[in-house]
Amino acid sequence: MAKDPILDLNTLIERPKISIDGTSYEILSPEELSILDSQCFTFWGGEIERLSEDKDKGAELSSLIDTVARKVLVGVPPKVFAKLTGAQKFRVVEVFTVLLLRDKMGAVGAVAQVMKGLAPTGEKNSPASSASSAEIPTGGSGKRRRR
């Protein structure tokens, strides 16, 4: 049995911080996102990539980056947010994206650990396992028993 947990969940969320003009502000933690919020950020990430490839979509891209940065930045006063350049807002979005990816990779790693422990590659399941019964179990006698 594994000594270390394969997945470490915390119910007390610590938000990461960024500094704007010497003042610390919190940004969302991926752990606090609802499933719907997580799906929204995934969709927005795809849209940012798509819009970035089309030079005619600059205004739309800028508007989307503003929307995402505003969601990510927690408690940043409107006056402070208004002073941020488009590039600075984009860096906020990038930092949050890296946090999201790191969080998802942790979950993928946990699933991989579980899968690795279930049935190592190349080994057959035991006849008493809950695996498919389509395969004829090996071992034991093939003779019929008398009653």
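Reading guide: rules and limits
- Residues numbered from 1 in each chain as written.
- Predicted model: local features only at pLDDT ≥ 70, side-chain atom pairs only at ≥ 80, totals over all residues.
- Heavy atoms only, no water.
- Helix = DSSP H or I, 4+ residues; strand = E, 2+ residues; numbered from the N terminus.
- Buried < 20%, exposed > 50% of the residue type's maximum accessible area, 1.4 Å probe, protein only.
- Contact = heavy atoms within 4.5 Å.
- Areas by Shrake-Rupley, 256 points an atom, 1.4 Å probe, with all protein chains shown as cover.
- Salt bridge = Lys/Arg side-chain N within 4 Å of Asp/Glu carboxyl O.
- Phe/Tyr/Trp six-rings, centres within 6.5 Å; stacked < 30°, edge-to-face > 60°.
- Lys NZ or Arg CZ within 6 Å of the ring centre and 35° of its normal.
- Axes fitted to C-alpha atoms, helices over the stretch in contact; angles between N-to-C directions.
- Parallel < 35°, antiparallel > 145°, perpendicular 65-115°, else oblique.
- Left-handed = near helix turned anticlockwise from the far one by under 90°.
- Nonpolar A, V, L, I, M, F, W, Y, C, P; charged D, E, K, R; others polar.
- Patch = residues over 30% accessible without salt bridge, like charges linked within 9 Å, V, L, I, M, F, W, Y side chains within 5 Å.
- Expected span 1.5 Å × (residues − 1).
- Arc of directions from axis to C-beta.

(A) Broad picture of the overall build of the protein chain. Secondary structure assignment for the protein chain yields four helices and three strands. What you see in the protein chain, going N to C, is helices and strands ordered as β-β-α-α-β-α-α. Residues counted as buried form 22% of the 147 residues belonging to the protein chain. For the protein chain, the proportion of contacts with a sequence separation of at least 24, taken over those separated by at least 6, is 50%. Total accessible area computed for the protein chain in this model is approximately 11800 Å², and 55% of it derives from carbon and sulfur atoms.

(B) Structural context of the pattern of salt bridges. Scanning all chains against the criterion turns up six salt bridges. Across the pair R50 and E47 runs a salt bridge whose closest N-O atoms are separated by 2.7 Å. Here E47 and R50 lie together in helix α1 (residues 35–52), a separation of three residues that amounts to about one turn. Relative accessible area serves as the criterion here: at 18%, E47 is assigned to the buried category. Residue K89 pairs with D66 through a salt bridge whose shortest N-O separation is 3.0 Å. With K89 in helix α4 (residues 86–118) and D66 in helix α2 (residues 58–72), this pair connects stretches of sequence that are 23 residues apart. Here the salt bridges share partners, and the residues they tie into one network are R15, E26 and E32.

(C) Structural detail: the packing of aromatic side chains. Applying the stated criterion to the full structure yields two aromatic pairs. In this arrangement the basic side chain of R70 is found over the ring face of F81, its NZ or CZ atom lying 4.4 Å from the centre.

(D) Quick peek at the packing of α1 against α2. As a packed pair, α1 and α2 sit with axes 10 Å apart at the nearest point and diverge in direction by 150°. As far as their axial angle goes, α2 and α1 are roughly antiparallel. In this structure, α1 crosses over α2, and the sense of that crossing is left-handed. Seen from α1, the contacting residues are F41, W44, E47, I48, R50, L51 and S52; seen from α2, they are E60, L61, L64, I65, T67, V68, K71 and V72. Counted by class, the contact of α1 with α2 contains nine nonpolar, two polar and four charged residues.

(E) Expanded view of a nonpolar patch on the surface. Residues I6, L7 and L9 make up a contiguous nonpolar surface patch of roughly 320 Å² in combined accessible area. Within the secondary structure, I6 is located in the segment before β1 (17–20).

(F) The arrangement of α2 in detail. In a regular helix each residue adds 1.5 Å, so 15 residues correspond to 21 Å; α2 covers 21 Å between its end C-alpha atoms and thus fits that length. Turning to α2, its buried residues are L61, L64, I65, V68, A69 and V72. For α2, the buried positions fall inside an angular range of 130° around the axis, keeping them on one side.

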